[in-house]
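Below, each chain spelled out in residue letters.
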Amino acid sequence: MKRSTMAAIALTVSAGLTLTACGGSKPAPGSGSGPRADAYAPVEIGKGYTTKGGNINVLMSSDFQTLDPGNSNYVQTANVGQLYYRTLTMAKETAGKPPTIVPDLATDLGKPSADGLTWTYTLKKGLKFEDGTPITSKDIKYGVERTYARDVYTQAPQELNAALADDSYKGPYSGGDFKAIDTPDDRTVVFHLKQPFAEFPALVSRSNTAPVPKAEDTKLDYTNHPVSSGPYKIQSYDRGRSMKLVRNDQWNPATDPNRTALPDTFTFTLSTAQATISQQLLADSDPTAVTLDSNGGLQASDAAELNKPDVEKRTAGGLLGCTDVLDFNTETIKDPDVRKALALSIDRSAVQVQYGGERFGKLTQSYINSAQRGYVEQHTDLDPTGKPKLDEAKKLLAGKTYPKKLVYGYADANPRYKNVGTVLQQNFKQLGIDLQLRPIPTANYYTVLAGDQMPDIARSGWCGGADSGSVRTTVDPNLGPSVDGETFGFSNIPRYYDPKISRAMYELRGTNGSSEELGRKWATLFDQAMQSYPLVPLVRSYTSSVVGSKVRNAQVGYFFGGIDLSIIGVQH
């Protein structure tokens with residue numbers, strides 16, 4: 001899950017603001033959770049509210065990229081999607097922690113075969129679409145099949161597809177039947193995998209497995225009214241302007257312990273300027289309002305407002321699974337000692353200021369964290385407070401031949417990333433290195449980094465992949481095993497390759513075992529890889545989101561980076 005300026009899952013949320021002139025204070029406690037010893041502890045507003053009724057007004061600066069679960073790769077769509085579609089399993093959010101994968105349409109998390117190559121799911125009884133039609137295993141299979149039609153759905157999620165057999169399948173419109181999924185009866189779905197995948201229950205929590213009735217499939221027009229399998233259905237949708245969700249009377253709450261479905265309705269305003277949204281939320285001009293915009297829609301000038309008591313008690317917050325790093329191009333900066341010297345010379349505390357200071361991000365020592373399954377302690381010589389170690393860096397370079405000019409590439413749409421480059425320029429100058437800054441159009445940023453024009457140094461981010469609690473879904477994509485040292489996965493931006501470590505990662509991909517067991521192995525290999533400094537960990541995102549004074553059960557989702565709509569309520 002790379003991060004971009006769009007709120008996407010595969011290219012997911014760019015959390016945090018560009019508060020270049022302000023270090024910012026630490027997050028303040030909210031009314032819902034009391035004083036916090038940890039400045040980065042989650043803050044929930046009105047926790048435990050259970051009264052049904054009322055309307056939540058969701059203020060958005062833009063329309064959704066799509067509402068079609070088969071073409072949905074965005075966290076905002078996934079957050080709203082919880083209201084009108086269900087999946088085999090579900091990533092259940094807890095503020096400040098990786099989501100827990102729980103059963104949704106399925107009775108459990110699935111049953112793997114002994115060799116790990118087959119997973120079987122049974123649907124709950126009493127499941128219906130909004131028109132009263134029973135939901136069957138064939139509707140699940142058809143939902144997955146659609147996401148293979150990449151000529152139609154350019155943003156279809158692919159993590160599940162990559163794990164399944166039958167790579168040649170082209171989708172239901174031209175490819176016929178999909179051999180990697182069997183439906184022996186109306187309630188049974190059987191997936192056939194290429195190789196074992198311990199986190200498979202997380203893969204089927206993605207929107208691929210939202211049921212789609214074949215007779216209602218209108219391809220790209222399906223986004224205008226996806227057929228509901230969840231607690232709400234679309235009453236009206238005026239693209240770019242507004243949307244209203246009302247209760248789906250065919251939803252059976254007895255089958256769904258995950259969604260509280262408290263409000264009677266959700267009203268979305270889809271084209272309000274972000275500055276206006278932040279002003280309305282701060283002023284509490286609409287006490288039923290929330291936003292899903294990145295970092296709560298807050299503007300750089302709003303930082304001081306968050307310390308006002310009335311605003312502070314209405315501000316939900318939490319650490320996300322999103323971490324930013326610097327990538328060293330190991331093909332142009334080949335000596336591990338040189339990469340380590342560069343890493344040690346960086347004033348990461350100054351970089352943190354460019355992210356808005358402590359309120360908007362926590363300095364981190366690793367891409368992975370202790371909340372992930374199987375995590376083992378990571379080792380680094382970086383100062384945990386972010387201060388540079390210039391003397392150690394100079395000692396590492398003594399007698400070395402190293403580049404005296406380097407290039408840092410940055411996405412040009414966000415001044416924060418250019419400002420990070422300015423910090424690096426000042427740091428590397430102390431080593432006698434001239435750093436040139438190269439702007440890269442944001443729309444092509446990751447494509448450039450994956451190609452021949454990859455600069456010597458670049459920034460990237462990751463939000464945990466398909467399963468934020470898994471070590472694998474962070475390590476595998478980002479230092480992904482190259483088997484020949486010449487070809488690399490799209491997200492292996494540093495072009496990391498070590499004959500022993502990369503081979504061990506490659507073999508670990510096909511190893512059977514529990515997520516915890518395999519997580520320890522991935523974390524150990526990651527620690528070994530990081531001793532040669534292909535990456536420099538920077539900042540882990542913390543999001544604050546101000547809500548209206550009548551909003552209850554407001555928490556910032558670890559994965560969504562916004563207010564979790566599945567449990568929210570409103571006093572009325």
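Residues numbered from 1 in each chain as written. Predicted model: local features only at pLDDT ≥ 70, side-chain atom pairs only at ≥ 80, totals over all residues. Heavy atoms only, no water.

### Concerning the sheet that holds strand β6 (residues 111-112)
What holds strands together in a sheet is hydrogen bonding between their backbones, with the strands either parallel or antiparallel. As summarised here, the arrangement of the four strands in space is β6-β7-β9-β8, forming an open sheet in which the pairing is antiparallel. The strands lining the two open edges of the sheet, one partner per strand, are β6 and β8 (181-185). The pairing of β6 with strand β7 (residues 118-122) spans two bridges and is antiparallel. Among the inter-strand pairings, Lys111 is bridged to a residue of β7, identified as Thr120. (Pairing = 2+ DSSP bridges. Helix = DSSP H or I, 4+ residues; strand = E, 2+ residues; numbered from the N terminus.)

### Focus: the pattern of salt bridges
Under the definition given, this model contains 25 salt bridges. Between Asp217 and Arg146 there is a salt bridge, with the nearest N and O atoms lying 3.3 Å from each other. Taken together, the positions of Asp217 in the loop between α4 (200-203) and β10 (232-238) and Arg146 in helix α2 (residues 137-146) put the pair 71 residues apart, joining distant regions of the chain. Ionic pairing is found between Asp335 and Lys400, a salt bridge with its closest N-O pair at 2.9 Å. In this pair, Asp335 sits in the loop between β14 (315-328) and α7 (336-345) while Lys400 sits in the loop between α9 (390-397) and β16 (405-411), placing the two residues 65 residues apart along the sequence. Among the charged side chains, a salt-bridge network with shared partners connects Arg86, Asp104, Asp256 and Arg259. (Salt bridge = Lys/Arg side-chain N within 4 Å of Asp/Glu carboxyl O.)

### So, the state of the cysteines
Counted by the stated rule, this structure contains one disulfide. In this model, Cys322 is linked to Cys463 through a disulfide, with the two sulfur atoms separated by 2.1 Å. On the sign convention where negative means left-handed, the S-S torsion of about 110 degrees between Cys322 and Cys463 marks this disulfide as right-handed. Taken together, the residues span a long stretch of sequence, with Cys322 in strand β14 and Cys463 in the loop between β18 (457-462) and α12 (472-478) at a distance of 141 residues. (Disulfide = S-S within 2.5 Å.)

### Quick notes on α2
For α2, the buried fraction is high: nine of the ten residues fall into the buried class. Along α2, the residues that are buried comprise Ser137, Asp139, Ile140, Lys141, Tyr142, Gly143, Val144, Glu145 and Arg146. Close packing links the buried residues of α2 with α3 (159-163), β8 and β9 (188-192). (Buried < 20%, exposed > 50% of the residue type's maximum accessible area, 1.4 Å probe, protein only. Contact = heavy atoms within 4.5 Å.)

### Regarding the sheet that holds strand β11 (residues 242-247)
Within the open sheet, the five strands sit side by side as β10-β11-β12-β3-β13. Their pairing is mixed. Each of the sheet's edge strands pairs with one partner strand only, and the pair in question is β10 and β13 (289-291). Across this sheet, the average inter-strand angle for adjacent strands is 20 degrees, counted without regard to direction. As judged from the six bridges shared by β10 and β11, these two strands associate in the antiparallel manner. When the sheet's bridge partners are listed, Ile234 is paired in β11 with Leu245. (Axes fitted to C-alpha atoms, helices over the stretch in contact; angles between N-to-C directions.)

### As for the environment of Arg359
With respect to the helices and strands, the residue Arg359 is situated in the loop between α8 (348-354) and β15 (361-363). Looking at Arg359, the relative accessible area reads 3%, which means it is buried. Each C-alpha atom, one on Arg359 and one on Leu431, is 31 Å from the other, the two residues being 72 residues apart in sequence. A polar side-chain atom of Arg359 sits 2.6 Å from a polar atom in the side chain of Asn307. (Polar contact = N/O pair within 3.5 Å; in protein donor to acceptor, adjacent residues only side chain to side chain.)

### Overview of the side chain of Asn79
Position of Asn79 among the secondary structure elements: in helix α1 (residues 75-84). Setting aside anything within four residues of it in sequence, one finds Asn79 in contact with Leu292, Phe560, Gly562, Ile563, Asp564 and Leu565.

### Observations regarding the packing of helix α13 (residues 499-509) against helix α14 (residues 515-530)
α14 packs onto α13 with a crossing angle of 165 degrees between their chain directions and a minimal axis gap of 10 Å. Judged by the angle between their axes, α13 and α14 are roughly antiparallel. In this structure, α13 crosses over α14, and the sense of that crossing is left-handed. Contacts between α13 and α14 involve Ile501, Ala504, Met505, Leu508 and Arg509 from the former and Leu518, Lys521, Trp522, Leu525, Phe526, Gln528 and Ala529 from the latter. Each residue belonging to the contact of α13 with α14 can be placed in one class, and the counts come to nine nonpolar, one polar and two charged. (Parallel < 35°, antiparallel > 145°, perpendicular 65-115°, else oblique. Left-handed = near helix turned anticlockwise from the far one by under 90°. Nonpolar A, V, L, I, M, F, W, Y, C, P; charged D, E, K, R; others polar.)

These values are about where atoms sit, not about what they do.
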